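Next come the chains, spelled out residue by residue.
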Amino acid sequence: GSVDPDLAQITECMSKIKNIVLVLSGKGGVGKSAVACQMAFALAGRGKQVGLLDVDVCGPSVPTITGTTASSVHSAGKGWEPVVCDVGDGEGSLSIMSIGFLLPSPDDAVIWRGPRKVSLIKNFLKDVAWGELDYLVIDTPPGSSDEHLSIVSFLKSVGISGAVLVTQPQEVSLSDVRKEVDFCRRTAIPILGLIENMSGFVCPCCGEETIVFHPSAGGGEKLCLDAKIRFLGRIPLDPSLTIACDSGRRWEGVVMEKEDKKRAEGKEDKS
Ligand code: ADP
């Protein structure tokens, strides 16, 4: 049969990208966009050439979190030149594309049915002059809907390197992220690992950690054990992360690799 010219163009555009990473969550508001943007900042800070694609068509947060809300995209030949984000003096770079850059006002609602979203995502994959990249990080809407399915089908011949899953520690979030695990397995997307976000709060006055979502603390790590996926770490609830995200800056905080020692020993401490 004849080759779909759009798919051929996607393949050509994406062939210059070494790794395509999806960031997925079951629910909204769990910190998926924060993780996607901070991951992109961190990779660029390590000297990588990074692209960040926001396919959350109805709720694009990437322009705010990367401090690029004032930017708009320029046409490059037939397509678009992505917005270049300042990442300092290092070797790395960060190029961003989001529907937020195409809207006349950031407060405009995008009230689109599936097919229109799918066609915009196709444009994002074939018409953006990404150039040569080490990583393209794709921030997706919560759940697994039209946007995810279209990415999977458009990138079928290119291949997605993997997905990073983001959850909060409580059961309502965990049960939805299990669906994302299932989605990845059914669509043959390798799962790079899971991040438990908003996991505990360290008091700035005394340094004591409060397990906000008691008693399900550590649920992300347990889910990883059960589903045999890699636990990438915990990010505490930290006002400095909210401020960094709201003001479009890289967060300098630390992701804890496992249950921190204090919490693991917490029971013995108190007895
Ligand atoms: P999602 O993409 O899952 O809908 P966002 O990444 O937009 O969620 O996060 C929602 C809000 O929570 C943002 O304002 C973000 O800055 C904030 N946030 C995310 N993770 C944390 C955290 N660990 N500590 C503090 N604020 C956070």
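Residues numbered from 1 in each chain as written. Predicted model: local features only at pLDDT ≥ 70, side-chain atom pairs only at ≥ 80, totals over all residues.

**A few points about the overall build of the protein**
And then number 1: Each helix and strand counted, the protein has ten helices and eleven strands in total.
And then number 2: Its C-alpha radius of gyration of 19 Å places the protein within 12% of the 18 Å reference for a compact globule of 271 residues.
And then number 3: For the protein, the spread of C-alpha atoms along the three principal axes comes to 70 × 40 × 35 Å.
And then number 4: Counting the 271 residues in the protein, one finds 41% classified as buried.
And then number 5: When contacts within the protein are restricted to residue pairs at least 6 apart in sequence, long-range pairs at least 24 apart make up 78% of them. (Helix = DSSP H or I, 4+ residues; strand = E, 2+ residues; numbered from the N terminus. Rg over C-alpha atoms; globule rule 2.2 N^0.38 Å. Buried ≥ 20, exposed ≤ 12 C-beta atoms within 10 Å, placed from the backbone. Contact = placed C-beta atoms within 7 Å.)

**Some points on the site of the ligand**
And then number 1: Around the ligand sit 17 residues in total, of which Gly31, Lys32, Ser33, Ala34 and Cys245 are the nearest.
And then number 2: At the level of secondary structure, the elements contributing two or more residues to the shell around the ligand comprise helix H2 (32-45), strand E9 (191-202), strand E11 (231-237) and helix H8 (239-246). (Near = placed C-beta within 6 Å.)

**Structural notes on unusual backbone geometry**
And then number 1: Its identity is not glycine, yet methionine 198 carries a phi of approximately 55°, on the positive side.
And then number 2: Mapped onto the secondary structure, methionine 198 falls in strand E9.

**Considerations on the nonpolar core**
And then number 1: Within the largest apolar cluster, 64 residues are counted, with the highest numbers of intra-cluster contacts made by Ala40 and Leu52.
And then number 2: Setting aside residues no more than four positions away along its own chain, leucine 52 makes contact with Ala36, Cys37, Ala40, Val62, Thr66, Leu94, Ile96 and Val137. (Core = buried A, V, L, I, M, F, W, Y, C linked by C-beta atoms within 7 Å.)

**Describing the confidence of the model for the protein**
And then number 1: On average, residues of the protein carry a pLDDT of 89, and 93% of them reach 70 or more.
And then number 2: Contacts of residues 261-271 to residues separated by more than four positions or lying in other chains number four contacts, the stretch itself having pLDDT below 50.
And then number 3: Predicted complex, confidence summary: ipTM 0.98, pTM 0.92. (pLDDT = per-residue confidence, 0-100.)

**A look at the packing of helix H1 (residues 5-14) against helix H4 (residues 114-126)**
And then number 1: It is at 8 Å that the axes of H1 and H4 come closest, and there the two elements cross at 45°. As the angle between them shows, H1 and H4 are arranged oblique. Contacts from Asp6, Gln9, Ile10, Cys13 and Met14 in H1 reach Lys122, Leu125 and Lys126 in H4. (Axes fitted to C-alpha atoms, helices over the stretch in contact; angles between N-to-C directions. Parallel < 35°, antiparallel > 145°, perpendicular 65-115°, else oblique.)

**Looking at the pairing of strand E8 (residues 162-167)**
And then number 1: Counting buried residues in E8 gives five out of six residues, a clear majority hidden from the surface.
And then number 2: The sheet contact formed by strand E1 (residues 17-25) and E8 spans five bridges and is parallel. Following the sheet pairing, leucine 22 is matched in E8 by alanine 163. (Pairing = 2+ DSSP bridges.)

**Section: helix H5 (residues 146-154)**
And then number 1: What H5 keeps buried is the set Glu147, His148, Ser150, Ile151 and Phe154. Buried residues along H5 cover an arc of 165° about the axis, so they all sit on one side.
And then number 2: Packed against the buried residues of H5 are H1, E1, H4, strand E7 (133-139) and helix H6 (171-186). (Arc of directions from axis to C-beta.)

**Side note on the pairing of strand E2 (residues 49-54)**
Two faces, one strand: in a regular strand the side chains alternate between the faces of the sheet.
And then number 1: The element E2 is largely enclosed, with a buried count of six among its six residues.
And then number 2: The alternating pattern of E2 places Gln49, Gly51 and Leu53 on one face and Val50, Leu52 and Asp54 on the opposite face, and all of these are buried.
And then number 3: Two strands pair when backbone bridges link them, and E2 and strand E6 (residues 93-98) are joined in this way by six bridges, in the parallel orientation. Across the sheet, leucine 53 pairs through a bridge with methionine 97, a residue of E6.
And then number 4: Note that E2 and E7 share five bridges and pair parallel. The partner of glycine 51 across the bridge, within E7, is leucine 136.

**A closer look at the environment of arginine 250**
And then number 1: You can see arginine 250 is positioned in the loop between H8 and helix H9 (261-264).
And then number 2: Accessibility expressed as a C-beta count within 10 Å gives 19 for arginine 250, which makes it partly exposed.
And then number 3: Along the backbone, arginine 250 and glycine 45 are 205 residues apart, and their C-alpha atoms lie at a distance of 9.3 Å.
And then number 4: Discounting chain neighbours no more than four positions away, the residues touching arginine 250 are Gln38, Phe41, Gly45 and Ala244.

**Thoughts on the environment of alanine 227**
And then number 1: Its place among the elements puts alanine 227 in helix H7 (residues 219-227).
And then number 2: Remark: the alpha-carbon pair of alanine 227 and arginine 178, spanning 49 residues in sequence, is separated by 8.4 Å.

**Here's the deal with the environment of serine 144**
And then number 1: Note that serine 144 resides in the loop between E7 and H5.
And then number 2: Sequence separation of serine 144 and asparagine 19 is 125 residues, and the distance between their C-alpha atoms is 21 Å.
And then number 3: Here serine 144 is in contact with Lys179, Glu180 and Phe183, once residues within four sequence places are set aside.

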